[in-house]
Amino acid sequence: MPQESSQSAGAHRVVLIVDDNSNPFEMSCAIEVFGLRRPELGRELYDFRLCAAGPHTRMRDGFFTLTGVAGLEAAEEADTLIVPNRPDTAAPRAEAVLQAVRRAHARGARLVGFCSGAFTLAEAGLLDGRRAACHWMWAESFRARFPRVRLEPDVLFVDDGDILTASGSASALDLGLHVVRRDHGAEVANAVSRRLVFAAHRDGGQKQFVERPLPQVPEESLGPLLAWAQGRLGEPLTVADLAARAAVSPATLYRRFRAQLGTTPLAWLTGERVALACRLIERGEERLDVVAARSGLGTAANLRARLRRETGLSPSAYRRRFGPAAGEAVMA
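Calculation criteria
- Residues numbered from 1 in each chain as written.
- Predicted model: local features only at pLDDT ≥ 70, side-chain atom pairs only at ≥ 80, totals over all residues.
- Heavy atoms only, no water.
- Helix = DSSP H or I, 4+ residues; strand = E, 2+ residues; numbered from the N terminus.
- Buried < 20%, exposed > 50% of the residue type's maximum accessible area, 1.4 Å probe, protein only.
- Contact = heavy atoms within 4.5 Å.
- Areas by Shrake-Rupley, 256 points an atom, 1.4 Å probe, with all protein chains shown as cover.
- Pairing = 2+ DSSP bridges.
- Axes fitted to C-alpha atoms, helices over the stretch in contact; angles between N-to-C directions.
- Right-handed = clockwise from strand over helix to strand, strands pointing away.
- Phe/Tyr/Trp six-rings, centres within 6.5 Å; stacked < 30°, edge-to-face > 60°.
- Core = buried A, V, L, I, M, F, W, Y, C linked by side-chain atoms within 4.5 Å.
- Polar contact = N/O pair within 3.5 Å; in protein donor to acceptor, adjacent residues only side chain to side chain.
- Salt bridge = Lys/Arg side-chain N within 4 Å of Asp/Glu carboxyl O.

Draft legend 1. Fine view of the overall build of the protein chain. A tally of regular secondary structure across the protein chain gives 14 helices and 10 strands. In the protein chain, which comprises 332 residues, the proportion classed as buried is 51%. In the protein chain, of all internal contacts separated by at least 6 residues, the share reaching a separation of at least 24 is 65%. In the structure as shown, the protein chain presents an accessible area of about 15,400 Å², 54% of it carried by carbon and sulfur atoms.

Quick look at the structure:
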């Protein structure tokens, strides 16, 4: 029998299409982010369903066969449709699946591709002239097959508005949390990430993989330094301050951030400050100068610029969408 929806009928509906030889990991990521109940939040975020073209779907390498999910008709009701991915990128997708993806896009549904899901979207003809991410292993073959797609090969994920793509398996979680942040704000995304025990925010522009040459002396984890800095974001912290706290040179700190986090100290610090500013707005702080000062962004003008860059929204628009009044409206 088709599965029952686990969420409330009025919630944003997310549907994942599972195709023959799909990867179980990305399916599980979608279930974890969009499918689990969130009693700690007091409301359900999404109505999540799986669907497939047939009653029996053989997963990657025959690890198991998926049964008991809805048919492709469930995709017709999706507000967000996650398209199938699989390791045999050269094999064409089933035409019924491609048609379902095209229909969803035509009626305005948001489309999400994890890992090789970009191949599905490109094969459906929906990525021409648009930005996309895919796993670095397939970047060359993707470019050869779909030269009109603006592939960004090194990033974790790409948000191109109504079509979003993640580069690899683990970055499916990054993109999933990004979608939650876009839909429900930083506070809710942080709550979901805490339950996952996963990094709350990794910017999509970070590199897909981090270079880890075997050091002669193991490098110390950045964890204690990050925790120390997160408790002092409102202070005038600089990269030099971080390096002094870690008792290393700025150049060494830069190398450690690149190796362990795939980003730079300054980019990490700015991202944490923007996330804190979002949380302050969500909790009801309306004075932009106070938000800017407490988050370490300095001025209201810098806050506006950084928030718009990270979220696409002005502070006032962010407050209307994610502030306390918005939360009350959702709960009503």
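Draft legend 2. How the structure looks around the sheet that holds strand 5 (residues 80-83). In spatial order, the strands read 2-1-5-6-10-9; together these six strands make up an open sheet with mixed pairing. Only two strands of the sheet have a single neighbouring strand rather than two, namely strand 2 (46-52) and strand 9 (157-159). Within the sheet, the average angular offset between the axes of one strand and its neighbour, ignoring direction, is 15 degrees. The sheet contact formed by strand 6 (residues 110-114) and strand 10 (residues 163-166) spans four bridges and is parallel. In the strand pairing of strand 10, Leu 111 is matched with Ile 163. Against the sheet, helix 1 (residues 24-35) engages strand 1 (12-18), strand 2, strand 5 and strand 6, with an angle of about 155 degrees to strand 2. Packing of helix 5 (residues 171-184) onto the sheet brings it into contact with strand 2, strand 6, strand 9 and strand 10, and relative to strand 10 it is tilted by some 150 degrees.

Draft legend 3. How the structure looks around unusual backbone geometry. Of note in the backbone geometry, Asp 61 takes a positive phi value of approximately 55 degrees without being a glycine. When you line up the elements, Asp 61 lands in the loop between strand 3 (56-58) and strand 4 (65-67). Its identity as a non-glycine residue notwithstanding, Ala 247 has a phi of 60 degrees, on the positive side. Mapped onto the fold, Ala 247 is located in the loop between helix 8 (239-246) and helix 9 (250-261).

Draft legend 4. Broad picture of the pairing of strand 1. By the criterion of burial, strand 1 is predominantly enclosed, with six of the seven residues buried. Here strand 1 runs beside strand 2; their pairing, made up of seven bridges, is parallel. Its bridge partner being in strand 2, Val 15 is matched across the sheet by Arg 49. The handedness of the strand 1 to strand 2 crossover, carried by helix 1, is right-handed. Where strand 1 and strand 5 come together, three bridges link them in parallel fashion. From the neighbouring strand, Leu 16 faces strand 5, where its bridge partner is Ile 82.

Draft legend 5. Region of interest: the packing of aromatic side chains. The tally for this structure, following the rule as stated, stands at seven aromatic pairs. Summarising the aromatic geometry, the rings of Phe 119 and Phe 146 are spaced 6.1 Å apart at their centres and angled 75 degrees between planes, so their arrangement reads as edge-to-face. You can see Phe 119 sitting in helix 3 (residues 117-123) and its partner Phe 146 sitting in the loop between helix 4 (139-145) and strand 8 (150-151), a full 27 residues away along the chain. Given a relative accessible area of 1%, Phe 119 falls into the buried group. Given the relative accessible area of 12%, Phe 146 is considered buried.

Draft legend 6. Summary view of the nonpolar core. With 34 residues, the main nonpolar core has Ile 17, Cys 51, Leu 81, Val 101, Leu 111, Leu 127 and Phe 142 as its most contacted residues. When residues of this core are traced back to their parent elements, those giving at least two are strand 1, strand 5, helix 2 (95-106), helix 3 and helix 4. When sequence neighbours within four positions are dropped, the list of residues in contact with Phe 142 reads Ala 118, Phe 119, Ala 122, Leu 127, Cys 134, Val 149 and Leu 151. Counting 32 residues, the second-largest nonpolar core is a separate cluster that includes Val 14, Tyr 46, Val 180 and Val 188.

Draft legend 7. Representation of helix 6 (residues 186-196) in the model. For helix 6, the full list of buried residues reads Ala 186, Val 188, Ala 189, Asn 190, Ala 191, Val 192 and Ser 193. Those residues of helix 6 that are buried lie in contact with helix 5, helix 10 (265-282) and helix 13 (315-322).

Draft legend 8. The environment of Arg 38, seen in detail. Its place among the elements puts Arg 38 in the loop between helix 1 and strand 2. Assessed through its relative accessible area of 1%, Arg 38 is described here as buried. Expressed as a C-alpha distance, the spacing of Arg 38 and Arg 195, which sit 157 residues apart in the sequence, is 9.5 Å. Contacts of Arg 38, omitting those with residues within four sequence positions, involve Glu 32, Val 33, Arg 43, Glu 44, Leu 45, Val 192 and Arg 195. Among the polar contacts made by the side chain of Arg 38, one reaches the main-chain carbonyl oxygen of Val 33 at a distance of 3.2 Å.

Draft legend 9. Expanded view of the pattern of salt bridges. This structure, assessed with the given rule, holds 19 salt bridges. For Glu 187, the salt bridge is made with Arg 283, and the minimal N-O distance between the two is 3.1 Å. Taken together, the residues Glu 187 in helix 6 and Arg 283 in the loop between helix 10 and helix 11 (288-295) connect sequence positions 96 residues apart. We classify Glu 187 as partly exposed; its relative accessible area is 27%. Each member of the salt-bridge network shares a partner with another, and the members are Arg 130, Arg 131, Glu 152, Asp 160 and Asp 162.

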